[in-house]
Amino acid sequence: MNKVSAAIIVKDDLFLITRCISGDQADDFWRFPGGEKEDYESINECLARHVKEKLGLSIECGNILSETSYELKNGNLIEVVGIEAEVIDGEKSIKENPYCEWVRISELNGKKYKLAPENKSILSVLYNKKIDKLKPNDVLDGDELCSTFGCSNQGGMRRSLASNTLVIVSNYVKSIYDDRWDGDIFYYTGTGTKGDQDFNYSQNKTLYHSRSNGVRVHLFEVHKNKEYLYIGEVELQASPFMELQPDEKNNLRKACVFPLQLKKNKSIPAIFYKKFRESQEKKENDAFSLDDDELLRRAKNARKKASRRVVFQNVYGRNRYVAEYTKRRAKGVCHLCDEPAPFSDEKGKPYLECHHIDWVANDGDDTLENTVALCPNCHRKMHIKKDPNDIRFLKDKNLDFFSKKI
């Protein structure tokens, strides 16, 4: 089997590609620069020779990125070896060569730069090298998601032939699908918004056969519009099955469900509580907008088991002396509503909660002047309504108290 070398030359995240010239004409395909190996030379020597002869570049060869076989139209097999390389000298010649281009990875194999078939396996390696740098809880926008995976910018299941991946998106903001976590298993609903779904339909088929088709599956969650939260690479943990779920008109239908598990770290990555609450509040607002009959119909069709999701949030340690003094000066009466604490704790103390008027999360100070004691009802009110009049009232009350103390 003949070997063919291909140079992966990168500059400022751009890749060097060339067109093969026969006489005065270039063919329809773009390629990574390189050529066929002779018996007397190593693969690195082969690559350096071809790049020098064709482009006038001196290069230093690096790591081998890929080695794949490809069958030519005449039936002969070649082995294409993709090798990282760095330009040492002669870069000026690239600018003067009309058959050379520096392009982004997302442009490779596009309409303008149609990649030669024997080079497509290298493109997949390049994409996956970029994908493997992602970490759980990384947030991508739509353009970044498309450029990272080489996929489309729409849909809950996005197949990319360029990277040989399937991106699946669980949208907690506006999706009709009943996706949920149960322990470390994620039950993902297939595509199809109306009527019964089918395992052979569209990308349901790709995910169904992902154990054997070599397609890597990556899970993202959306808790805020246009933000894609990376969860990780997943794989089928058990056989997919059908269950009843409501469709876009809230009619029960058979839906494809895929039990998935994280491939590397089986533990579910925790997400920030703030992101989780954003998507939950959106769903709560959607439910609030429904009339009573529709709300009852959807509630009757709801799944009995609640979904579990691991979240984390920043916790700020408060000064214990500030907190204790604030409660004592309240003398069991809420600083906002002036009503007695609604109950006593297990030690018999009136139950009040310390609250920072200017939140610590927003860079407020943990001081006596910025701290009040509130009943549970007023405490929730301060966090939910954030009424400027209440904030002003508490600030004035503290100012009056401490000015007299001084």
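Our structure's up above, just so we're on the same page.
Quick caveat, the model's predicted, so the values are computed rather than measured.

Caption draft 1: Fine view of the overall build of the protein. Scanning the protein from terminus to terminus reveals 10 helices and 19 strands. Relative to its length of 406 residues, the protein is extended, with a C-alpha radius of gyration of 30 Å against a globular reference of 22 Å. The contacts of the protein with a sequence gap of at least 6 include a subset with a gap of at least 24, amounting to 62%. Placing the 66 positive and 64 negative side-chain charges of the protein at their respective mean positions leaves the two points 5 Å apart.

Caption draft 2: Highlighting the packing of helix α3 (residues 120–131) against helix α4 (residues 142–149). Relative to each other, α3 and α4 sit at 135 degrees, their axes nearing to 8 Å. Considering their axes alone, α3 and α4 lie oblique with respect to each other. For the pair α3 and α4, contact is made by Tyr127, Lys130 and Ile131 and by Ser147, Thr148 and Phe149, respectively. Residue composition of the contact of α3 with α4, grouped by class: 3 nonpolar, 2 polar and 1 charged.

Caption draft 3: Broad picture of the pattern of salt bridges. This structure, assessed with the given rule, holds 14 salt bridges. Residue Lys263 pairs with Glu233 through a salt bridge whose shortest N-O separation is 3.5 Å. Of this pair, Lys263 sits in the loop between β15 (252–262) and β16 (271–272) while Glu233 sits in strand β13 (residues 227–236), and the two are 30 residues apart along the sequence. Taking the relative accessible area as the measure of exposure, Lys263 reaches 40% and is therefore partly exposed. Overall, Glu233 belongs to the buried group, its relative accessible area being 10%. With a closest N to O distance of 3.2 Å, Asp390 and Lys381 form a salt bridge. Owing to a relative accessible area of 33%, Lys381 belongs among the partly exposed residues under this scheme. The structure contains a network of salt bridges with shared partners spanning Asp132, Arg216, Glu233 and Lys263.

Caption draft 4: Representation of the pairing of β15 within the structure. The element β15 is largely enclosed, with a buried count of 9 among its 11 residues. Of the pairings in the sheet, the one linking strand β11 (residues 185–189) to β15 comprises 4 bridges and is antiparallel in character. Note that in β15 the partner of Tyr187 across the bridge is Pro259. With 3 bridges connecting them, β13 and β15 associate as antiparallel partners.

Caption draft 5: How the structure looks around the packing of aromatic side chains. This structure, assessed with the given rule, holds 10 aromatic pairs. A centroid spacing of 5.7 Å and a plane angle of 85 degrees characterise the contact between Phe199 and Phe258, whose relative ring orientation is edge-to-face. Of this pair, Phe199 sits in the loop between β11 and α5 (202–208) while Phe258 sits in strand β15, placing them 59 residues apart in sequence. Judged by relative accessible area, Phe258 falls into the buried class, the value being 0%. Centroid distance Phe220 to Tyr230: 5.0 Å. Interplanar angle 55 degrees. Geometry classified as tilted. Note that Phe220 is positioned in strand β12 (residues 216–224) and Tyr230 in strand β13, a separation of 10 residues in sequence. These aromatic residues form a ring-pair network of at least three members: Phe149, Phe220 and Tyr230. In this structure, Lys11 packs its charged tip against the face of Trp102, placed 5.9 Å from the ring centre. When the ring centre of Phe401 is taken as reference, the NZ or CZ atom of Arg329 above it lies at 4.9 Å.

Caption draft 6: Seen up close, the environment of Ala162. Within the secondary structure, Ala162 is located in the loop between β8 (157–160) and β9 (165–171). Between the alpha carbons of Ala162 and Lys112 there is a distance of 15 Å; along the sequence they are 50 residues apart.

Caption draft 7: Looking closely at unusual backbone geometry. The phi dihedral of Asn250 is positive, around 65 degrees, even though this residue is not glycine. By secondary structure assignment, the location of Asn250 is in the loop between β14 (241–246) and β15. What makes Asn250 buried here is its relative accessible area of 6%. Residues other than glycine seldom take positive phi values, yet Asp338 does so here, at roughly 60 degrees. By the secondary structure assignment, Asp338 is in the loop between α8 (320–330) and β18 (353–356).

Conventions we followed
- Residues numbered from 1 in each chain as written.
- Predicted model: local features only at pLDDT ≥ 70, side-chain atom pairs only at ≥ 80, totals over all residues.
- Heavy atoms only, no water.
- Helix = DSSP H or I, 4+ residues; strand = E, 2+ residues; numbered from the N terminus.
- Rg over C-alpha atoms; globule rule 2.2 N^0.38 Å.
- Contact = heavy atoms within 4.5 Å.
- Lys, Arg positive; Asp, Glu negative; His and termini not counted.
- Charge placed at Lys NZ, Arg CZ, Asp CG, Glu CD.
- Axes fitted to C-alpha atoms, helices over the stretch in contact; angles between N-to-C directions.
- Parallel < 35°, antiparallel > 145°, perpendicular 65-115°, else oblique.
- Nonpolar A, V, L, I, M, F, W, Y, C, P; charged D, E, K, R; others polar.
- Salt bridge = Lys/Arg side-chain N within 4 Å of Asp/Glu carboxyl O.
- Buried < 20%, exposed > 50% of the residue type's maximum accessible area, 1.4 Å probe, protein only.
- Pairing = 2+ DSSP bridges.
- Phe/Tyr/Trp six-rings, centres within 6.5 Å; stacked < 30°, edge-to-face > 60°.
- Lys NZ or Arg CZ within 6 Å of the ring centre and 35° of its normal.

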